[in-house]
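Secondary and tertiary structure notes
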Amino acid sequence: MAKLRGPSKRVVLNRAAVTELGLAVADGIFEVGQQIIAVARPPDDPRVLLRSAGPKHRWYHVDESEPEGTGKGLPLQGGVLVYVDGQKVAGWHQRGKQPKKPRAAKTPKGAIVAIVGYGFPGRFAEIGTANSPAQPFLSPAADQVTPAIPGHLRTGVRKRLGSRP
Amino acid sequence: MNEFIDPELDVLPKLLIELRDDPVVSSIVGDRVRGKEPEGPLLNAAGEEVEPGDVRGPGEYVPFVVLSRLGGPPHARVPIVTARISIRCYGRSDREAAVLRNACSRALHGKGPRTFANGLGIYVSHDVTGGQQDSDPDTSQPLESFVVEAVASTQPVVV
């Protein structure tokens with residue numbers, strides 16, 4: 001079992017730079033993201049897909065010694081990142097390491113941005129490929145969690161600001 | 001609320017027909033707009049391939065579009081649903097995939113109220129993600145994908 005790694009010093013530093021209210025909302029959104037990952041049921045064993053992916057995706061680590069269908073592939077690729085004012089304030093990955101920000105994700109100043117998703121090849125499982133139909137798992141999970149977002153935000157804000165007079 | 005949900009009313013086939021009927025989309029893909037997955041090869045009684053399907057190898061690519069459902073729960077109180085449909089546009093080149101995606105987006109984005117013969121009413125449909133450039137992991141065929149959200153009725157609308 002790999003040791004869980006906490007946020008880096010830089011993330012702690014970034015948290016100190018943003019306002020309490022921003023952090024409270026960010027914590028709530030972070031909880032929403034974790035909830036979506038907890039609810040999502042990605043198809044097991046993406047290696048079936050990876051084997052046909054060809055040399056382009058060989059960089060992706062596939063441990064051939066692991067038996068297939070053990071839930072160790074895509075089901076453990078989920079992660080959440082939260083940015084406030086363009087600065088990372090929270091990050092979490094199911095495998096314990098800090099996830100990398102997707103290149104296409106925009107984290108503008110003056111906004112709180114949460115990125116919730118799965119690593120490769122989650123995208124192809126979600127929307128399908130030429131030879132395999134779509135098996136959407138993230139969108140339904142988001143739909144399931146969406147009605148509870150106000151509750152999660154309330155919890156986050158209460159935890160951080162509840163004791164204030 | 002369950003009595004307000006008509007199981008016959010499905011957004012995906014209607015969007016599929018709208019894309020197939022769009023002159024720009026059909027000029028690129030013909031009638032190769034599919035639901036769920038691409039069409040397989042046409043086989044004769046002996047199981048021999050008479051006509052190849054949509055999925056072909058490098059050098060033999062054909063453009064086609066695949067729509068698949070991403071979900072979208074019905075509204076808690078009002079008989080409507082915000083259906084999310086993923087649209088994958090496969091082209092022979094990156095440029096053709098991009099042109100095809102733009103054509104599909106233009107055919108559906110911001111399109112206002114319309115009703116269909118089965119009573120389905122779509123209030124509006126929008127391209128909510130914009131295109132994402134990619135290539136298929138199986139065949140390396142260039143593709144662009146985007147998601148359309150359509151606010152639709154869950155019970156027949158009579159106009």
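A quick note: this is a predicted structure, and the numbers were derived from the prediction, not measured.

1. What about the overall build of chain A?
Counting its secondary structure elements, chain A contains six helices and three strands. Along chain A, from the amino end to the carboxyl end, the secondary structure elements read α-α-α-β-β-β-α-α-α. Residues classed as buried in chain A amount to 36% of the 165 residues present. Sequence-distant contacts in chain A: of pairs separated by 6 or more residues, those separated by 24 or more amount to 74%.

2. Details of the overall build of chain B
Of the regular secondary structure elements, chain B holds three helices and nine strands. Ordered by position from the N terminus, the helices and strands of chain B form the series α-α-β-β-β-β-β-α-β-β-β-β. Here the C-alpha coordinates of chain B stretch approximately 50 × 40 × 25 Å along the principal axes. Relative to its 159 residues, chain B shows a buried fraction of 35%. A separation of at least 24 residues holds for 61% of the contacts in chain B among residues at least 6 apart in sequence.

3. Details of the packing of helix α1 (residues 11-21) of chain B against helix α3 (residues 94-108) of chain B
Residues and elements named next belong to chain B. Following both chains from N to C, one finds α1 and α3 inclined at 115°, their axes separated by 10 Å at the closest point. Seen from above, α1 lies across α3 with right-handed handedness. The segment α1 lies against α3, with Leu-15, Glu-18 and Leu-19 engaging Cys-104, Ala-107 and Leu-108.

4. With respect to α3(B)
All names here are of chain B. Over its 15 residues, α3 extends 21 Å from the first C-alpha to the last, a length consistent with the 21 Å expected when each residue adds 1.5 Å. Buried within α3 are the following residues: Ala-97, Leu-100, Arg-101, Ala-103, Cys-104, Ser-105, Ala-107 and Leu-108. Contacts made by the buried residues of α3 are with α1, α2 (23-29), β4 (64-71), β5 (80-90), β7 (121-127) and β9 (142-153). Residue Gly-110 follows α3 closely and has a positive phi angle near 70°.

5. Description of the nonpolar core
Residues and elements named next belong to chain B. Counting residues in hydrophobic clusters, the biggest one holds 31 residues, and the most contacted among them are Val-65, Ile-85 and Cys-104. At the level of secondary structure, the elements contributing two or more residues to this core comprise α1, α2, β4, β5, α3 and β9. The element best represented in this core is α3, accounting for six residues. Those residues in contact with Ile-85 that lie beyond four places of it in its chain are Val-11, Leu-12, Leu-15, Leu-67, Arg-69, Leu-70, Val-147, Val-148 and Ala-150.

6. Some words on the confidence of the model for chain A
The pLDDT averaged across chain A works out to 76; a share of 71% of its residues lies at or above 70. Low pLDDT (under 50) marks residues 51-61 of chain A, which in the prediction has 10 contacts with non-local residues, meaning those over four places away or in another chain.

7. Quick word on the pairing of strand β8 (residues 132-135) of chain B
Residues and elements named next belong to chain B. Here β8 pairs with β9 via four bridges, running antiparallel. Residue Gln-133 lies in a different strand from β9, and its bridge partner there is Glu-144. Adjacent in sequence and paired antiparallel, β8 and β9 are bridged by six residues, among which Ser-140 carries a positive phi angle near 65°.

8. Structural notes on the interface of chain A and chain B
With 19 residues of chain A at the interface, the matching set in chain B holds 20 residues. Elements with a contribution of two residues or more to the side of chain A that touches chain B: α4 (122-127) and α5 (138-145) of chain A. Among the elements that line the side of chain A that touches chain B, the one with the most residues is α5(A), at three residues.

9. Some thoughts on the pairing of β5(B)
Residues and elements named next belong to chain B. Most of β5 sits out of view: eight of its 11 residues are buried. Pairing of β4 with β5, which is carried by seven bridges, proceeds in the antiparallel orientation. Along β5, the bridge assignment pairs Val-66 with Arg-88. Two elements, β5 and β9, share 11 bridges in a ladder whose sense is antiparallel. Within β9, the residue paired with Ile-87 across the bridge is Phe-146.

10. Concerning the environment of Ala90(A)
All names here are of chain A. Here Ala-90 shows up in strand β2 (residues 87-93). Take Ala-90: there are 23 C-beta atoms within 10 Å of it, and that puts it in the buried class. Once the C-alpha coordinates of Ala-90 and Ser-132 are considered, the two residues, 42 residues apart in sequence, prove to be 35 Å apart.

11. Considering α5(A)
Those residues of α5(A) that sit buried are Leu138(A), Ser139(A), Ala141(A), Ala142(A) and Val145(A). The arc that holds the buried residues of α5(A), viewed along the axis, is 160°, so those residues lie on one side.

Calculation notes
- Residues numbered from 1 in each chain as written.
- Chains lettered and ligands numbered in written order.
- Predicted model: local features only at pLDDT ≥ 70, side-chain atom pairs only at ≥ 80, totals over all residues.
- Helix = DSSP H or I, 4+ residues; strand = E, 2+ residues; numbered from the N terminus.
- Buried ≥ 20, exposed ≤ 12 C-beta atoms within 10 Å, placed from the backbone.
- Contact = placed C-beta atoms within 7 Å.
- Axes fitted to C-alpha atoms, helices over the stretch in contact; angles between N-to-C directions.
- Left-handed = near helix turned anticlockwise from the far one by under 90°.
- Expected span 1.5 Å × (residues − 1).
- Core = buried A, V, L, I, M, F, W, Y, C linked by C-beta atoms within 7 Å.
- pLDDT = per-residue confidence, 0-100.
- Pairing = 2+ DSSP bridges.
- Arc of directions from axis to C-beta.

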